[in-house]
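What follows is each chain in one-letter form.
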Amino acid sequence: MYQRMIFISSSRTHLKTNMMLLNSSANRLHLSLGNVSNYSSRKKYYDIVIAGGGMVGCAMACKLSKEAALSGMSILLLEGGPNRKEYDLFAKKNTLDKPYSNRVSAVSKSSVQLLQSIGAWQIIEDLGRNNAVKEMRIWNSGAGRSGGINNVLTFDNDNDLAYIVENDTILGALFKQINEEQNITVNYDTRVNQFNLPDSNRDLATVQVANGEISFETSLLIGSDGYGSKVRSAISGQQYIGWEYSQRAVVATLHIQSDEDDTYKGHVAWQKFAQLGPVALLPLDDKTCSLVWTTSYEEANRLAELSDNEFIDALNDSLSEEKESNNTSLLLADDAAHILAKVLNKYCQSNDENKQNKKIKSIPPIVVGLIKDSRASFPLGFGHACQYVGQRVALVGDAAHRIHPLAGQGVNLGFSDVTELSNQLNQSVLTGADIGDLNALLNYQTAAQRRNVPIMLGVDGIQKMYGSKNNLVPPAITTLIRNVGLTICQSASIVKKLLSDKASGLPV
Amino acid sequence: MNLIAKKTNISNSFFIFRTLTQNYVKETVNAHEVEHHSNMKEYWWNSNGPLNALHSFNPLRVSFIINGLTNMKKIETKNIGTRQSLENIKILDVGCGGGILTEALARIDGNVTGIDPSKELITIANDHSVILRNKNIIYFNESIEEHALSNTESYDAIVTSEVLEHVSNKYGFLTKCIDCLKPGGSLFVTTPNRTICSWLSVIVLGETLNFIPKGTHEWEKFICPHELQSILENNCECDTISINGLSYDPFTNRWSWTDSTDLSYALHAVKRI
Ligand SMILES: Cc1cc2nc3c(=O)[nH]c(=O)nc-3n(C[C@H](O)[C@H](O)[C@H](O)COP(=O)(O)OP(=O)(O)OC[C@H]3O[C@@H](n4cnc5c(N)ncnc54)[C@H](O)[C@@H]3O)c2cc1C
């Protein structure tokens, strides 16, 4: 609505005179001369510029365009990648047996609510490419004599923990919504690479893109450009705490043989805390699972070299591995854990006693096949931006925080950022604030960090605790901690409740 | 560390605020000399800076104004709950300073005039208003007395926020404000109360703990809600619509509504038709 091309060819002094003339003119019409920079170039104004069109950036664009208070604001979405045909959902619909993509997300209930509010969830549901997780079965490699699955988290039907959806499908649904919004402009193949963030709110932010002569001016720059965010480093006073886990996530799409009598067949997420790191199988349908196998760099490289059949064997071995089960110290640890479980049971009598008494006899699933070319691996790391916001700038998603995928929270945290930021902007704009108002942004930062940081530390803690090779800690102690950790989960329904509420991202 | 920074910020803010507002209205306040501050612009418009209490006050005072005007049926139905809520409403911001509130009102499409007796502040306000696009905002460097001469009964709403406590002749100031208001128009005031409580917190705690420099506020100049109400009702032909208590937390820089008007309050009155 307020888009206006301004060709600044005149000198700075000329502009100043212009400005004064305008100021004194009776109709008080102001043009965007706020950010008079030294260079003369073409600048195009958008109320909001979003850098990075991943799941989080796209959801941000949709959400903002749906806010009543922001209606009519111009939004520019800059995506470094191409306009991929995978986002074409019709193609997906027409070929029902089209193989699943190897990148999937466990989408929590609060994320579903966000996607619903922007009309994307209905599209995903119509495609039928969302699969509810009704039970989560967790076990570890040191399960010892008890063997089998030692932790089961069950979720009521109408209160599903999460849905497994392919990232492509989410992106496709979001792009479909974006294309229907007139006030959103998308530029593909456009990498942002330089920013001029103002010191005061009197000036606008300027965004420059790689090898483009146009630069953009905006009242609010939102960085959703992933964990290597460029926007993040442009924020003044930024401190980024980050490290790489010496681990990679190996992903693949698998066929599994599941127990026909399993009530939750096709809706069970499996997670094993193996020696080298957690292995998760996320259900896509009765027979298909998406694998996220966290392992050491060396092991990931070795796995990459294997043929598909060798890979399946290695995975099955890892799922059923009991490497240290005849180690006496481990048995001790196991006993200690059981004693603790008994003690806890005594004091934690709870309303879902049935579930606790239910005999857990499930066995790990057996992988029988693998979808061709579905194997890939990704580096893993931890990252936390101390400043989510600055003058006319805010970060959302992985640009602000990066976590280990073991709890499947990455994109969910990002979606919560979207909801939070959008609410804050909506409120502040209704009371006459500039869309880039620092107070509103600071409110967003406080709320988002208050929610994200504990989850990030928790996940990092679990990673460290189970985190495979820790040579400094004797294996027996590690196993003890693991077992105790898991047994507490299993026994204490309060903790269990807490865990599942946190994992589904809803306020407890 | 943070605390000290906050304290300095707050004390700066009150200091600057005082120097800027003390020469308030040319006729209604004994003119004090304005202390020139080297980078005043920075002070007014840095929302994380010394005047952050005024910036963070905006959401509350703007919604107070919107709600007041909605209750008086002045806001067009189609604009309720949008960012055009003040469309076609003529507003005068008396003592607009650097324009923190003025701009907010203009951004939600109010037709806003800001006046302030300080030339320097009007310059800052004008300079900053460049950021607004196609909005109706105009500033004049004049007092309410001067403004009232040529603007009788021409505004739908008059706003005077955190100003009255610096004005000596409240009666003169308020009657001139009301002169500019159309019959049926609304007056919105926010100001600290004159109570033991505000004396304790502003003068004793604030100033002895150095949150606020000594002598910033002349507590005797503060006005109680009932005094304000009686001037408005007996001398200005107004009816009081509402009085709401306000509180401010300097550590989180947040304002909130409270039941008690002991510290500070917002008043809405309407000029009789
Ligand atoms: C193996 C693995 C499994 C995971 N599983 C889950 C899970 O089950 N559940 C879950 O919630 N999360 C999961 N995550 C995390 C989740 O994938 C991320 O948190 C999520 O993708 C972050 O989304 P984003 O939009 O913030 O960033 P990204 O997806 O990284 O998107 C960033 C976008 O910005 C673009 N971009 C980058 N730089 C620029 C630039 N300079 N200019 C313009 N555009 C740019 C990129 O092209 C990209 O499109 C997993 C992660 C991994 C590695």
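Going by an unreviewed UniProt entry, chain B carries the name Ubiquinone biosynthesis O-methyltransferase, mitochondrial and comes from Macrosiphum euphorbiae. Quoted verbatim from the Cofactor (unreviewed entry) field of the UniProt record, the comment on chain B reads "Mg(2+)". Of chain B, the UniProt comment under Subunit (unreviewed entry) reads exactly: "Component of a multi-subunit COQ enzyme complex."

Where an unreviewed UniProt entry is consulted, chain A appears under the name Ubiquinone biosynthesis monooxygenase COQ6, mitochondrial, with the organism given as Macrosiphum euphorbiae. Word for word, the UniProt comment on chain A under Pathway (unreviewed entry) is "Cofactor biosynthesis; ubiquinone biosynthesis." The annotation that UniProt attaches to chain A under Subcellular location (unreviewed entry) is "Mitochondrion inner membrane".

Trainee: Describe the overall build of chain A, with residues and values.
Mentor: In terms of helices and strands, chain A carries 15 helices and 21 strands. Here chain A holds 508 residues, and the buried ones make up 56% of them. The contacts in chain A between residues at least 6 apart in sequence include a share of 78% that link residues at least 24 apart. Carbon and sulfur atoms make up 53% of the accessible area of chain A, which amounts to about 22,100 Å² in all.

Trainee: Which residues make up the UniProt feature "binding site: S-adenosyl-L-methionine" (unreviewed entry) in chain B, and what values do they have?
Mentor: All names here are of chain B. Under the present numbering, the feature "binding site: S-adenosyl-L-methionine" (unreviewed entry) in UniProt falls on Arg61, Gly95, Asp116 and Ser161. As for its position among the elements, Arg61 is in helix 3 (residues 52-71). Taking the relative accessible area as the measure of exposure, Arg61 reaches 5% and is therefore buried. Discounting residues that sit within four places of it in the chain, Arg61 has contacts with Leu54, Ile100, Leu101 and Ser161. By relative accessible area, Gly95 is classed as buried at 15%.

Trainee: Mind laying out the site of the ligand, listing which residues take part and the relevant values?
Mentor: Residues and elements named next belong to chain A. Residues in close proximity to the ligand total 29 residues, the closest being Glu79, Gly80, Val192, Asp398 and Val411. Here Arg191 contributes a side-chain N or O atom positioned 3.4 Å from a nitrogen atom of the ligand. Here an oxygen atom of the ligand and a backbone polar atom of Gly410 are 3.4 Å apart. Across the complex, the protein chains shield 84% of the 990 Å² of accessible surface that the ligand would expose by itself. Considering only residue class, the shell around the ligand consists of 10 nonpolar, 14 polar and 5 charged.

Trainee: Kindly report on the UniProt feature "domain: FAD-binding" (unreviewed entry) in chain A, identifying the contributing residues and their values.
Mentor: Per the UniProt record, "domain: FAD-binding" (unreviewed entry) is annotated on residues 47-321 and 387-433 of chain A. Within residues 387-433 of chain A, the helical portion is 45% and the strand portion 15%, while the C-alpha atoms at the span's ends are 21 Å from each other.

Trainee: Describe the sheet that holds strand 4 (residues 104-108) of chain A, naming the residues involved and giving the relevant values.
Mentor: Strand-to-strand pairing in sheets goes through backbone hydrogen bonds, with the strands running parallel or antiparallel. Residues and elements named next belong to chain A. One open sheet holds the 3 strands; their spatial order is 4-8-5, and the pairing between them is antiparallel. A single partner strand is all that each edge strand has here, and the edge strands are strand 4 and strand 5 (130-133). Pairwise comparison of adjacent strand axes, ignoring direction, gives a mean angle of 30° for this sheet. Pairing between strand 5 and strand 8 (residues 162-166): 4 bridges, direction antiparallel. Along strand 8, the bridge assignment pairs Val133 with Ala162. Across the sheet, helix 6 (residues 167-180) is in contact with strand 4 and strand 8; its angle to strand 8 comes to roughly 80°.

Trainee: Lay out the UniProt feature "binding site: Mg(2+)" (unreviewed entry) in chain B with the relevant residues and their values.
Mentor: Residue and element names in this part refer to chain B. Listed under "binding site: Mg(2+)" (unreviewed entry) in the UniProt record, and renumbered for this structure, are Glu162, Glu165 and His166. Looking at the element boundaries, Glu165 is found in the loop between strand 4 (155-161) and helix 7 (170-179). When its relative accessible area of 4% is taken as the criterion, Glu165 is described as buried. For Glu165, the contacting residues outside a window of four places in its chain are Thr190, Thr191, Pro192, Lys221 and Phe222. Position of His166 relative to the elements: it lies in the loop between strand 4 and helix 7. Accessibility expressed as a relative area gives 4% for His166, which makes it buried.

Trainee: I'd love a proper account of unusual backbone geometry, names of residues and values included.
Mentor: All names here are of chain B. In the Ramachandran plot, Asn88 falls in the positive-phi region, its phi being about 65° despite a non-glycine side chain. One can find Asn88 in the loop between helix 3 and strand 1 (90-94). Notably, Asp109 is not glycine yet its phi reads approximately 75°, a positive angle. Along the chain, Asp109 falls in the loop between helix 4 (100-107) and strand 2 (111-115).

Trainee: Report on the side chain of Thr102 of chain B, specifying residues and quantitative values.
Mentor: Residue and element names in this part refer to chain B. Its location among the elements puts Thr102 in helix 4. A distance of 2.9 Å separates a polar atom in the side chain of Thr102 from a polar atom in the side chain of Asp93. Once residues within four sequence positions are removed from consideration, Thr102 is found in contact with Asp93, Cys96, Val112, Gly114, Ile137 and Tyr139.

Trainee: Tell me about the confidence of the model for chain B, and name the residues and values.
Mentor: Close reading of the predicted structure is inappropriate where its pLDDT is low. All names here are of chain B. Considering every residue of chain B, the mean pLDDT works out to 83; 78% of them sit at 70 or more. Note that pLDDT drops below 50 for residues 29-38; the model gives that stretch 20 contacts with residues more than four away or on any other chain. This complex was scored by the predictor with a pTM of 0.82 and an ipTM of 0.83.

Trainee: How would you summarise helix 4 (residues 109-117) of chain A if you had to cite specific residues and measurements?
Mentor: For helix 4 of chain A, the full list of buried residues reads Ser110, Ser111, Val112, Leu114 and Leu115 of chain A. Following helix 4 of chain A by one or two positions, Gly119 of chain A adopts a phi angle in the positive range, close to 80°.

Trainee: Can you break down the state of the cysteines residue by residue, with the values?
Mentor: Residues and elements named next belong to chain B. Under the definition given, this model contains 0 disulfides over all chains. Free cysteine: Cys96, not disulfide-bonded; nearest cysteine sulfur from Cys177 at 13 Å. A disulfide-free cysteine, Cys238 has its sulfur positioned 5.8 Å from the sulfur of Cys236, the nearest such atom.

Trainee: Could you give an account of the sheet that holds strand 5 (residues 181-192) of chain B, naming the residues involved and the relevant values?
Mentor: All names here are of chain B. The 8 strands are arranged 3-2-1-4-5-8-6-7 in an open sheet whose pairing can be described as mixed. Where the open sheet ends on each side, the last strands, each with one partner, are strand 3 (137-140) and strand 7 (254-258). Taking each pair of neighbouring strands and ignoring which way they run, the sheet shows an average axis angle of 20°. With 8 bridges joining them, strand 6 (residues 238-249) and strand 8 (residues 264-271) adopt antiparallel strand pairing. Bridging from a neighbouring strand, Leu246 pairs with Ser264 of strand 8. Contacting strand 1, strand 2, strand 3 and strand 4, helix 4 crosses the sheet at an angle of about 155° to strand 3. Most of the contacts of helix 5 (residues 119-128) go to strand 3, to which it runs at about 160°, and overall it touches strand 2 and strand 3.

Trainee: Describe the packing of aromatic side chains, naming the residues involved and giving the relevant values.
Mentor: Remark: the centre distance and the inter-plane angle together describe each pair of aromatic rings, the angle taken between the planes. Residue and element names in this part refer to chain A. Across all of its chains, the model carries 10 aromatic pairs over all chains by this definition. Plain terms: the ring middles of Trp243 and Phe382 are 4.4 Å apart, the flat faces sit at 10° to each other, and that makes the pair stacked. Of this pair, Trp243 sits in strand 13 (residues 240-257) while Phe382 sits in strand 18 (residues 376-385), and the two are 139 residues apart along the sequence. Judged by relative accessible area, Phe382 falls into the buried class, the value being 6%.

Trainee: Go over the packing of helix 4 of chain A against helix 5 (residues 120-127) of chain A, please, and point to the residues and values.
Mentor: Residues and elements named next belong to chain A. For the pair helix 4 and helix 5, interaxial distance at closest approach is 5 Å and the crossing angle is 100°. The pairing of helix 4 with helix 5 is recorded here as roughly perpendicular in orientation. Between helix 4, through Val112, Leu115 and Gln116, and helix 5, the contact on the second element is made entirely by Ala120, Trp121, Gln122 and Ile124. Partitioned by chemical class, the residues of the contact of helix 4 with helix 5 number 5 nonpolar, 2 polar and no charged.

Trainee: Could you give an account of the pairing of strand 15 (residues 277-283) of chain A, with specific residues and numbers?
Mentor: Each regular strand carries side chains that alternate between the two faces of the sheet. Residues and elements named next belong to chain A. Taking burial as the measure, the 7 residues of strand 15 include 7 buried ones, the bulk of the element. Judged from the 5 bridges that link them, strand 14 (residues 268-274) and strand 15 form a sheet pairing that is antiparallel. Paired with Ala274 across the strands is Gly277, a residue of strand 15. Turn length for the strand 14-strand 15 hairpin, with the two strands adjacent in sequence and antiparallel, is 2 residues. Between strand 15 and strand 16 (residues 288-296), which pair antiparallel in sequence order, lie 4 residues.

Thresholds applied
Residues numbered from 1 in each chain as written. Chains lettered and ligands numbered in written order. Predicted model: local features only at pLDDT ≥ 70, side-chain atom pairs only at ≥ 80, totals over all residues. Heavy atoms only, no water. UniProt positions renumbered as here; feature names shortened; annotations may be inferred. Helix = DSSP H or I, 4+ residues; strand = E, 2+ residues; numbered from the N terminus. Buried < 20%, exposed > 50% of the residue type's maximum accessible area, 1.4 Å probe, protein only. Contact = heavy atoms within 4.5 Å. Areas by Shrake-Rupley, 256 points an atom, 1.4 Å probe, with all protein chains shown as cover. Near = heavy atom within 4 Å. Polar contact = N/O pair within 3.5 Å; in protein donor to acceptor, adjacent residues only side chain to side chain. Nonpolar A, V, L, I, M, F, W, Y, C, P; charged D, E, K, R; others polar. Pairing = 2+ DSSP bridges. Axes fitted to C-alpha atoms, helices over the stretch in contact; angles between N-to-C directions. pLDDT = per-residue confidence, 0-100. Disulfide = S-S within 2.5 Å. Phe/Tyr/Trp six-rings, centres within 6.5 Å; stacked < 30°, edge-to-face > 60°. Parallel < 35°, antiparallel > 145°, perpendicular 65-115°, else oblique.

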